[in-house]
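# Breakdown of the fold
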Amino acid sequence: MIDCYEILGVRPQATLAEIKRAYREKVKALHPDSSGTAANSAEFDLVVKAYRVLSDSRQRSIFDESFFVKVRRSSKSTESFDYYKWLSARDDEESRAKLIFFTLMHQKEDEAVAEFKRMQMNHADFSLKKWFTREDFMDYGYILAEELVIRGEYYDAMILLEQIIKMEYSYQYFYIFFPEVISFTLNILKHNIDGVISDELALDVYERALELELGSSNDAFFLRKMSEEYHRLGDEATARACLLAASKC
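The structure displayed is predicted, hence computed values, not measured ones.

### What about the overall build of the chain?
When helices and strands are counted, the chain shows 14 helices and 0 strands. In the chain, the succession of helices and strands from N to C terminus is α-α-α-α-α-α-α-α-α-α-α-α-α-α. Residues classed as buried in the chain amount to 45% of the 249 residues present. Here the analysis covers contacts within the chain between residues at least 6 apart in sequence; of these, 63% occur between residues at least 24 apart.

Rendered as structure tokens:
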């Protein structure tokens, strides 16, 4: 039986966020555009198979019982420096940003989300991306956005995804997982905004979405939704203007 944890390079106690991160790194390394060599299909298939097992709670449980019941592993830390405590004791923006991603990747997802929301609320110019590389911000930011969505924090998830998308547009080529980010963002915009968050916040989200270059058909959708929001708020003139703009997309 294959060792799914070894294939992805994660510990048996790894969180789902860690597994997703490791999977992305493995796929990126095996992709011919990144490695400069032909893709190793056999190794790629193993990575995909391992990810499918470990990302599904039921399959992972079955794998753990059938494999790790026989082969027990211990994971003992030899580090004397407690990075978590060090970050937690600091108030500067860089440390708080790194604390968010550190807790996200160490089975403290609730703490990561709470700290992100706290920093967003108390610091108008707070930005995670300036403290991380492009790849790390894309990967960790995407996972954080997923955690926000799981908790119904759709507005905060959209603010984070907006930062990721605008960052990508500043490069001459897109990061390999950018289409996944766009698909995730559109799903939120179409299913988790209208009637879910307040009309005022929904308008803000749709206005931001119009700046993300998501295509004319999507822009028309956002404008129609904005028209509905303005109608509910009693601004009929702006509602009609939005419908007119949607018809021209």
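### Quick word on the pattern of salt bridges
Taken as a whole and assessed by the stated rule, the structure comprises 26 salt bridges. Note that aspartate 110 and arginine 151 form a salt bridge whose closest N and O atoms lie 2.5 Å from each other. Of this pair, aspartate 110 sits in helix α8 (residues 109-122) while arginine 151 sits in the loop between α9 (134-150) and α10 (154-169), and the two are 41 residues apart along the sequence. Note on aspartate 110: relative accessible area 55%, which makes it exposed. In this structure arginine 151 comes out as partly exposed when scored by relative accessible area, which is 31%. Where salt bridges share partners, they join Asp194, Asp199, Lys225, Glu228, Glu229 and Arg232 into one cluster.

### A short note on the packing of helix α11 (residues 178-191) against helix α13 (residues 216-232)
In contact at an axis separation of 11 Å, α11 and α13 are set at 30° when each is read in the N-to-C sense. When the axes of α11 and α13 are compared, the pair comes out roughly parallel. The way α11 lies across α13 gives a crossing that is left-handed. Counted together, Leu186, Leu189 and Lys190 of α11 and Asn218, Phe221 and Phe222 of α13 form the full contact between these two elements.

Cut-offs applied
Residues numbered from 1 in each chain as written. Predicted model: local features only at pLDDT ≥ 70, side-chain atom pairs only at ≥ 80, totals over all residues. Heavy atoms only, no water. Helix = DSSP H or I, 4+ residues; strand = E, 2+ residues; numbered from the N terminus. Buried < 20%, exposed > 50% of the residue type's maximum accessible area, 1.4 Å probe, protein only. Contact = heavy atoms within 4.5 Å. Salt bridge = Lys/Arg side-chain N within 4 Å of Asp/Glu carboxyl O. Axes fitted to C-alpha atoms, helices over the stretch in contact; angles between N-to-C directions. Parallel < 35°, antiparallel > 145°, perpendicular 65-115°, else oblique. Left-handed = near helix turned anticlockwise from the far one by under 90°.

Limitation: the analysis is restricted to geometry and does not speak to function.
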